[in-house]
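Secondary and tertiary structure notes
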Amino acid sequence: MESKDIRNYTLKQRDALSKEKRLSFSEKIMEKSLALEQLQRAATIFIYMDFRSEVITRFCIEKLLAMGKQVVLPVTLVKEKRLLPVWITDIEKDLAPGYASIPEPVAEIWNSQVVSPV
(Lines give C-alpha, C1' and ligand atoms only; values in the text may rest on other atoms or scores of the structure.)
Protein backbone atom coordinates (compact mmCIF):
# COMPACT_ATOMS: atom_id res chain seq x y z
CA MET A 1 0.00 0.00 0.00
CA GLU A 2 1.36 3.43 -0.95
CA SER A 3 1.54 6.30 1.55
CA LYS A 4 -1.27 8.12 -0.33
CA ASP A 5 -3.51 5.07 0.10
CA ILE A 6 -2.62 4.74 3.79
CA ARG A 7 -3.47 8.41 4.33
CA ASN A 8 -6.83 8.07 2.54
CA TYR A 9 -7.68 4.93 4.52
CA THR A 10 -6.72 6.59 7.81
CA LEU A 11 -8.77 9.72 7.02
CA LYS A 12 -11.82 7.60 6.19
CA GLN A 13 -11.45 5.75 9.50
CA ARG A 14 -11.12 9.04 11.40
CA ASP A 15 -14.07 10.61 9.56
CA ALA A 16 -16.22 7.58 10.46
CA LEU A 17 -15.77 8.13 14.22
CA SER A 18 -18.86 9.29 16.07
CA LYS A 19 -18.72 12.73 17.68
CA GLU A 20 -18.77 11.07 21.11
CA LYS A 21 -15.85 8.78 20.25
CA ARG A 22 -13.85 11.67 18.78
CA LEU A 23 -14.49 13.72 21.92
CA SER A 24 -13.43 10.81 24.13
CA PHE A 25 -10.22 10.23 22.15
CA SER A 26 -9.51 13.98 22.12
CA GLU A 27 -9.85 14.18 25.91
CA LYS A 28 -7.45 11.26 26.37
CA ILE A 29 -4.92 12.83 24.00
CA MET A 30 -5.23 16.16 25.85
CA GLU A 31 -4.75 14.55 29.27
CA LYS A 32 -1.64 12.67 28.13
CA SER A 33 -0.23 15.75 26.37
CA LEU A 34 -0.79 18.05 29.35
CA ALA A 35 0.92 15.54 31.63
CA LEU A 36 4.14 15.54 29.57
CA GLU A 37 7.10 17.00 31.44
CA GLN A 38 8.22 18.85 28.30
CA LEU A 39 4.85 20.59 28.04
CA GLN A 40 4.83 21.41 31.75
CA ARG A 41 8.23 23.14 31.39
CA ALA A 42 7.45 24.92 28.12
CA ALA A 43 6.54 28.60 28.23
CA THR A 44 5.21 28.66 24.66
CA ILE A 45 3.07 26.05 22.92
CA PHE A 46 2.33 26.03 19.18
CA ILE A 47 -0.96 24.23 18.50
CA TYR A 48 -3.52 24.07 15.74
CA MET A 49 -7.27 24.67 15.96
CA ASP A 50 -9.17 21.54 14.99
CA PHE A 51 -11.02 21.22 11.69
CA ARG A 52 -13.50 18.61 10.51
CA SER A 53 -12.76 15.28 12.20
CA GLU A 54 -9.34 16.18 13.64
CA VAL A 55 -8.51 15.83 17.32
CA ILE A 56 -10.51 18.47 19.17
CA THR A 57 -7.97 21.00 20.45
CA ARG A 58 -10.24 23.75 21.81
CA PHE A 59 -10.29 22.34 25.35
CA CYS A 60 -6.53 21.89 25.35
CA ILE A 61 -6.04 25.48 24.20
CA GLU A 62 -8.32 26.70 27.01
CA LYS A 63 -6.37 24.68 29.58
CA LEU A 64 -3.02 25.89 28.27
CA LEU A 65 -4.21 29.50 28.54
CA ALA A 66 -5.44 28.83 32.09
CA MET A 67 -1.98 27.40 32.92
CA GLY A 68 -0.43 30.70 31.86
CA LYS A 69 1.23 29.32 28.73
CA GLN A 70 1.85 31.49 25.68
CA VAL A 71 -0.43 29.75 23.18
CA VAL A 72 0.45 30.19 19.51
CA LEU A 73 -1.79 29.30 16.58
CA PRO A 74 -1.03 29.51 12.87
CA VAL A 75 -2.44 31.98 10.39
CA THR A 76 -2.37 30.50 6.90
CA LEU A 77 -0.86 32.93 4.41
CA VAL A 78 -1.98 31.21 1.23
CA LYS A 79 -0.32 33.50 -1.32
CA GLU A 80 3.00 33.29 0.53
CA LYS A 81 2.62 29.54 1.14
CA ARG A 82 3.57 29.84 4.79
CA LEU A 83 2.17 29.98 8.30
CA LEU A 84 2.37 33.02 10.57
CA PRO A 85 2.68 32.03 14.26
CA VAL A 86 0.53 34.37 16.38
CA TRP A 87 -0.06 34.12 20.14
CA ILE A 88 -3.52 34.46 21.56
CA THR A 89 -4.81 35.32 25.01
CA ASP A 90 -8.53 34.63 24.58
CA ILE A 91 -9.95 31.85 22.43
CA GLU A 92 -13.25 33.69 21.96
CA LYS A 93 -11.93 37.17 21.14
CA ASP A 94 -8.71 36.35 19.29
CA LEU A 95 -10.00 33.79 16.75
CA ALA A 96 -12.18 34.06 13.64
CA PRO A 97 -12.74 31.84 10.61
CA GLY A 98 -9.72 31.97 8.31
CA TYR A 99 -8.39 29.81 5.51
CA ALA A 100 -10.88 26.98 4.75
CA SER A 101 -13.04 28.39 7.60
CA ILE A 102 -10.54 27.11 10.18
CA PRO A 103 -10.42 29.41 13.24
CA GLU A 104 -7.23 31.51 13.16
CA PRO A 105 -5.93 34.54 15.06
CA VAL A 106 -7.70 37.70 13.88
CA ALA A 107 -5.77 40.16 11.67
CA GLU A 108 -5.90 42.87 14.36
CA ILE A 109 -3.35 41.01 16.49
CA TRP A 110 -0.98 39.76 13.78
CA ASN A 111 1.53 42.60 14.04
CA SER A 112 1.62 42.90 17.80
CA GLN A 113 1.48 39.20 18.64
CA VAL A 114 3.53 37.42 16.00
CA VAL A 115 6.02 34.96 17.50
CA SER A 116 9.47 34.17 16.18
CA PRO A 117 9.65 30.49 15.22
CA VAL A 118 13.11 30.11 16.83
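Since this is a predicted model, take the numbers as computed values, not measurements.

1. Some points on the environment of glutamate 92
Tracing the sequence through the fold places glutamate 92 in the loop between strand 3 (82-88) and strand 4 (95-97). It is 11 Å that separates the C-alpha atoms of glutamate 92 and isoleucine 61, two residues lying 31 residues apart in sequence.

2. As for the packing of helix 2 (residues 19-35) against helix 4 (residues 58-66)
Two elements in contact, helix 2 and helix 4, have axes separated by 9 Å at closest approach and are oriented at 30°. The pairing of helix 2 with helix 4 is recorded here as roughly parallel in orientation. The two elements helix 2 and helix 4 meet at a crossing, and its hand is right-handed. Listed contacts from helix 4 to Leu23, Met30 and Leu34 of helix 2 are Phe59, Cys60, Lys63 and Leu64. Class assignment of the residues belonging to the contact of helix 2 with helix 4 gives a composition of six nonpolar, no polar and one charged.

3. Section: the nonpolar core
By size, the foremost hydrophobic cluster in this structure holds 20 residues, and its most contacted members are Ile47, Ile61, Leu64, Val71, Leu73 and Ile88. Those elements that provide at least two residues to this core are helix 2, helix 4, strand 2 (70-77) and strand 3. In terms of residue count, the dominant contributor to this core is strand 2 (four residues). Here isoleucine 47 is in contact with Thr57, Cys60, Ile61, Leu64, Val71, Val72, Leu73 and Pro74, once residues within four sequence places are set aside.

About the cut-offs
- Residues numbered from 1 in each chain as written.
- Predicted model: local features only at pLDDT ≥ 70, side-chain atom pairs only at ≥ 80, totals over all residues.
- Heavy atoms only, no water.
- Helix = DSSP H or I, 4+ residues; strand = E, 2+ residues; numbered from the N terminus.
- Axes fitted to C-alpha atoms, helices over the stretch in contact; angles between N-to-C directions.
- Parallel < 35°, antiparallel > 145°, perpendicular 65-115°, else oblique.
- Left-handed = near helix turned anticlockwise from the far one by under 90°.
- Contact = heavy atoms within 4.5 Å.
- Nonpolar A, V, L, I, M, F, W, Y, C, P; charged D, E, K, R; others polar.
- Core = buried A, V, L, I, M, F, W, Y, C linked by side-chain atoms within 4.5 Å.
- Buried < 20%, exposed > 50% of the residue type's maximum accessible area, 1.4 Å probe, protein only.

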